[in-house]
Amino acid sequence: MRERREYRREIEGLVRAVRGVPVRTGPRYTIPYGFDATGLRGECGGVAFPRGLDDLASLLSEASRRGVPVFMRGAGSGFSGGSVPRGGGLVISTEHMHRVLSFDPGRGEVEVEAGIVNRELQDYLEARGFFYPPDPASLNFSTIGGNVAENAGGPRAFKYGVTRRYVRSLAWVAADGSAFERSAPEGPAALLVGAEGTLGAIYSARLRVLPAPETFRTFLLEAGGPGGALGLAAETIEAGLSPGVLEYLDAKTMRCVGEYCCFGGVGTRADYLFVEFDGGRDAVSAEAGAFEALARRSAAAVRPARDEAEREYLWKLRRSVSPSLARRGVTKVNEDVSLPLGRLAEAARAVHELAGELDLDCYLFGHAGDGNMHVNIMTDRRRTEEMERVRRFVERLFALVVSLGGALSGEHGIGLTKSPYLGMIFSEAELALARGIKRAMDPGMILNPGKYFNAAEGAGAARSG
Ligand SMILES: Cc1cc2nc3c(=O)[nH]c(=O)nc-3n(C[C@H](O)[C@H](O)[C@H](O)COP(=O)(O)OP(=O)(O)OC[C@H]3O[C@@H](n4cnc5c(N)ncnc54)[C@H](O)[C@@H]3O)c2cc1C
């Protein structure tokens, strides 16, 4: 990829050609839009704010004609550098495209523009007696476009599945500016889900939605006995129970949350599960009863939410994990590995040992139901020697996960941070096939270049900020 100054002239030409579509090139825009949640800093030559499918199509058509790299961006909450621009290319922000386009309760379908925030969609649906199951822990700020592009999961993924299951069709724009208004997931649109903005730009998504559950039963459990919380999570599933939410927080993480939320009574060594059953009243009551009995047999301390206010409070504890960890270090290195459920406890022990060996401050939590474990190292990227230890930790973590039959990313994607490790999980033949798809859909290599499957073909321009 060329250097930033070489795209300046092309971006100026693009701005003139797409008259009417706001494109900002001043540092007030190029600096903040050069980051995502990883803190990686990219090189941004301008930020465009399309207001609809036609704007998006003309931006891509002009970018393709001029060979300007394009980086789609929702809220920039990604944890793998997916939206971080490189080499002075153009960021396309979806923030001015956030309307609900249609809602059909009979078909259980809603169509929204890509820039709508997940929470805005949930509020819209809740008022109409429905909900959209994929609700990442970032639902208060991440966008549906970003969720589709990352195939986002979240606390409810075990019971309800991840984003892909809910996409009925996409309106999107190909690299050369061609627009497709109703692409079903049986066709090329299937490739866009989880492609992290490397194969096309999503304008809107038609999503399957479900009637809101009749009732909920929510629990916080402290489990320090044999097998601990992760053992209990596995037993819950083996017993045939199907909680909507089955979240794991290790003892250190829970202590942070307790301090942050002024929540007393957090055990010093126990791990925690946050569990919720949802559905019809009778089924929920039967499942919750069976679960409480199971938990008591495992000597876990069970704290049920007795009313809606207590349920809200328990959710507040779960949603406070990220802000509470922020007080433990200025840089969070967050890996979201995924493992077979039966190997989670073993992996958790090995990860803590590894962090101890490398003298790193490590916190584990995650969506235990679908084997997704977030491994967080709280550090400071200005401490170069410590960052070298973090690098060694990540390499050994990935090797451990692969040896236990797991995957490098449960939901945060590959982006910039995991691209160098793709060879650990895919064969060269698989990578070559994936690069072939990329070349077919984006022959000019303008869409999110240097990330994911075409990473090996691009140059590494992003650096730690
Ligand atoms: C506190 C916190 C908690 C989180 N919890 C979860 C969780 O529980 N589950 C989970 O899955 N993730 C989680 N994440 C990660 C992140 O929120 C998700 O990856 C989310 O889907 C990204 O949405 P976004 O709008 O911020 O996208 P961005 O970060 O802006 O972009 C992400 C990727 O999508 C591409 N993209 C964005 N919009 C489009 C579009 N319209 N067309 C094509 N490509 C596009 C970008 O190019 C980039 O590659 C969490 C992040 C934080 C900070």
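Anything mentioned here points back to the structure above.
What counts, and where the lines are drawn
- Residues numbered from 1 in each chain as written.
- Predicted model: local features only at pLDDT ≥ 70, side-chain atom pairs only at ≥ 80, totals over all residues.
- Heavy atoms only, no water.
- Helix = DSSP H or I, 4+ residues; strand = E, 2+ residues; numbered from the N terminus.
- Expected span 1.5 Å × (residues − 1).
- Buried < 20%, exposed > 50% of the residue type's maximum accessible area, 1.4 Å probe, protein only.
- Arc of directions from axis to C-beta.
- 1 Å grid on protein atoms, 1.4 Å probe; cavity = no way out; pocket = protein on both sides within 12 Å on 5 of 7 lines; lining within 4 Å.
- Points joined across faces, edges and corners; volume = space filled by probe spheres on them.
- Phe/Tyr/Trp six-rings, centres within 6.5 Å; stacked < 30°, edge-to-face > 60°.
- Lys NZ or Arg CZ within 6 Å of the ring centre and 35° of its normal.
- Near = heavy atom within 4 Å.
- Polar contact = N/O pair within 3.5 Å; in protein donor to acceptor, adjacent residues only side chain to side chain.
- Areas by Shrake-Rupley, 256 points an atom, 1.4 Å probe, with all protein chains shown as cover.
- Sits in = over half its atoms within 2 Å of the grid points.
- Nonpolar A, V, L, I, M, F, W, Y, C, P; charged D, E, K, R; others polar.
- Axes fitted to C-alpha atoms, helices over the stretch in contact; angles between N-to-C directions.
- Parallel < 35°, antiparallel > 145°, perpendicular 65-115°, else oblique.
- Left-handed = near helix turned anticlockwise from the far one by under 90°.
- Contact = heavy atoms within 4.5 Å.

To continue, consider helix α13 (residues 344–357). Spacing of three or four residues puts side chains on the same side of an α-helix, whose turn is 3.6 residues. The terminal C-alpha atoms of α13 lie 20 Å apart, and with 14 residues this matches the ideal 20 Å at 1.5 Å per residue to within 8%. For α13, the set of buried residues is Leu344, Ala347, Ala348, Val351, Leu354 and Ala355. Viewed end-on, α13 has its buried residues packed into an arc of 130°, placing them on one side of the element. Of the exposed residues in α13, the ones pointing more than 90 degrees away from its buried face are Arg349, Glu353, Gly356 and Glu357.

Counted according to the given criterion, the structure contains 2 cavities of 30 Å³ or more. There is about 50 Å³ of room inside the largest cavity. Of all elements in the fold, only α9 (251–261) and α11 (308–319) reach the threshold of two or more residues within the lining of the largest cavity. Counting residues per element, the lining of the largest cavity draws most heavily on α11, which supplies 3 residues.

On to the packing of aromatic side chains, then. Here the structure, examined in full by the defined rule, presents 14 aromatic pairs. Plain terms: the ring middles of Phe103 and Tyr124 are 5.9 Å apart, the flat faces sit at 90° to each other, and that makes the pair edge-to-face. Of this pair, Phe103 sits in strand β6 (residues 100–104) while Tyr124 is found in helix α4 (residues 118–126), placing the two residues 21 residues apart along the sequence. On the basis of relative accessible area, Tyr124 is assigned to the partly exposed category, the value being 22%. Between Phe263 and Tyr313, the ring centres sit 5.9 Å apart and the planes meet at 55°, which makes this aromatic pair tilted. Taken together, the positions of Phe263 in the loop between α9 and β15 (271–279) and Tyr313 in helix α11 put the pair 50 residues apart, joining distant regions of the chain. In this structure Phe263 comes out as buried when scored by relative accessible area, which is 10%. Lying over the aromatic face of Tyr363, Lys252 brings its terminal NZ or CZ to 4.4 Å of the ring centre. Over the ring of Phe216 we find Arg311; its NZ or CZ atom is 3.7 Å from the centre of that ring.

Here we come to the site of the ligand. Close contacts around the ligand come from 36 residues, with Met72, Gly74, Ser77, Ser138 and Thr143 the closest. With respect to the ligand, the backbone of Met72 contributes an N or O atom lying 2.7 Å from an oxygen atom. The side chain of Asn147 places a nitrogen or oxygen atom 2.9 Å from an oxygen atom of the ligand. Contact with the protein chains covers 96% of the free accessible surface of the ligand, which is 970 Å². In this structure the site holding the ligand corresponds to the largest pocket. Elements with a contribution of two residues or more to the shell around the ligand: β4 (70–73), α5 (144–150) and β11 (201–208). Counting residues per element, the shell around the ligand draws most heavily on α5, at 5 residues. For the shell around the ligand, the per-class residue count stands at 11 nonpolar, 21 polar and 4 charged.

This paragraph deals with the packing of α13 against helix α14 (residues 384–403). Packing of α13 against α14 brings their axes to within 11 Å, and their N-to-C directions diverge by 160°. Taken together, the axes of α13 and α14 lie roughly antiparallel to each other. Relative to α14, α13 is oriented so that their crossing is right-handed. Between α13 and α14, the residues in contact are Ala347, Ala350, Val351, Leu354, Ala355 and Glu357 and Phe393, Arg396, Leu397 and Leu400, respectively.

Let us now look at the layout of surface pockets. Estimates place the volume of the largest pocket at around 920 Å³. Forming the walls of the largest pocket are 48 residues, and the residues nearest its centre are Ser77, Gly78, Phe79, Ser138 and Ser142. Residue composition of the lining of the largest pocket, by class: 17 nonpolar, 23 polar and 8 charged.

Here we come to unusual backbone geometry. With a phi angle near 50°, Asn151 is a residue other than glycine that sits in the positive phi range. Tracing the backbone through its elements, the reader meets Asn151 in the loop between α5 and α6 (157–160). Backbone geometry places Asn448, a non-glycine residue, at a positive phi of 50°. The exposure class assigned to Asn448 is buried, which follows from its relative accessible area of 1%.

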